[in-house]
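Structural overview for review
Residue strings, one per chain:
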Amino acid sequence: MRVLVVEDEPYLAEAVAAGLRRESMAVDLALDGEAALERLAVHTYDVVVLDRDLPGKHGDDVCRQLQKEAHECRILMLTAAGSLRDKLTGFEVGADDYLAKPFDFPELVARLRALQRRAVTPTAPVLERAGLRVDAIRHEAYRDDRLLRLTRKEFAVLEILMRAEGGVISAEQLLERAWDEHADPFTNAVRITVSTLRRKLGEPQLVHTVTGVGYYLAEPR
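A short tour of the structure in this document, coming up.

**Quick notes on helix 1 (residues 10–21)**
Count 3.6 residues to each turn of an α-helix, and residues three or four apart come out pointing the same way. Taking 1.5 Å of rise per residue, the twelve residues of helix 1 would be expected to cover 16 Å, and the 16 Å separating its terminal C-alpha atoms lies within 8% of that figure. Looking at helix 1, one finds that the buried residues are Ala13, Val16, Ala17, Gly19 and Leu20. Buried residues along helix 1 cover an arc of 165 degrees about the axis, so they all sit on one side. Of the surrounding secondary structure, the elements contacted by the buried residues of helix 1 are strand 1 (2–6), strand 2 (26–30) and helix 5 (105–117).

**A few points about the sheet that holds strand 4 (residues 74–79)**
As summarised here, the arrangement of the five strands in space is 2-1-3-4-5, forming an open sheet in which the pairing is parallel. The strands lining the two open edges of the sheet, one partner per strand, are strand 2 and strand 5 (97–100). Adjacent strand axes in the sheet meet at a mean angle of 20 degrees when their direction is disregarded. Of the pairings in the sheet, the one linking strand 1 to strand 3 (residues 47–50) comprises four bridges and is parallel in character. Residue pairing in the sheet places valine 3 in a bridge with valine 47 of strand 3. Seen against the sheet, helix 3 (residues 59–68) touches strand 3 and strand 4 and runs at an angle of roughly 175 degrees to strand 4.

Rules used in this analysis
- Throughout this description, residue numbers start from 1 for each chain and increase along the sequence as written.
- Totals for whole chains, interfaces and linings use every residue, but because this is a predicted model, local features are given only for residues with pLDDT of at least 70 and side-chain atom pairs only at 80 or more, for both listing and counting.
- Values reported for side chains reflect all heavy atoms of the structure, with hydrogen atoms and water molecules removed beforehand.
- Helix and strand definitions follow DSSP, with helices as H or I runs of at least four residues and strands as E runs of at least two, each counted in order from the N terminus.
- Expected helix span is taken as 1.5 Å per residue step, with the number of steps being one fewer than the number of residues.
- Exposure is judged per residue with a 1.4 Å probe applied to protein chains only, and the accessible area is read against the type maximum: over 50% gives exposed, under 20% gives buried, and values in between give partly exposed.
- Here the arc refers to the set of directions running from the helix axis out to each C-beta atom.
- Contact criterion: two residues are considered in contact whenever any of their non-hydrogen atoms come within 4.5 Å of each other.
- The pairing criterion is simple: DSSP has to find at least two bridges between the two strands.
- Only C-alpha atoms enter the line fits that serve as axes; for helices the fit covers just the stretch in contact. Angles between N-to-C directions range over 0 to 180 degrees.

Treat this as a map of the structure, not an account of what it does.
Dropping the structure here:
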């Protein structure tokens, strides 16, 4: 899952981003409304975590613009404005969910996962294919009931390949979905991560390469 955190308090923004990255989410940051819209014009996000009281362009205006432009991302408002009237206004301007500060971090993660399941193309929390079982909520992956010890990036790549249901995913798409905006487009991180993932999945191989195109996950050949 790729998430944009829009929060004008740098310390809180970094803390939220660090926590979400530990959940194998790719996270970008924006400290104001205009920066958020600039990133949304370039990158595709599954969920935007949006503060309301932003400098410059207000969070409500960001939300309205995303609705007007028919962005497919889900919007979770994360804000200190926690009264019932505030919440109703947030939903009226287009928020899909609303969480008031202070908040419990596990609840934020659970709400983001729930929003992912309610995406334009719904996604299941537990994926099973080719003897693999990936549980995005528990952050666990198994092959034939053997627990796989995966890094956060390996887990993210495996989840993306599982959700593709046998479709080919390019290295560029993996870089876009599993890494943040600071990733070097010329890096070999994708190739290295796929290589270590293959090794941890074991034999026979499940992740296959289409030369010059990308990767897909399927039953052993």
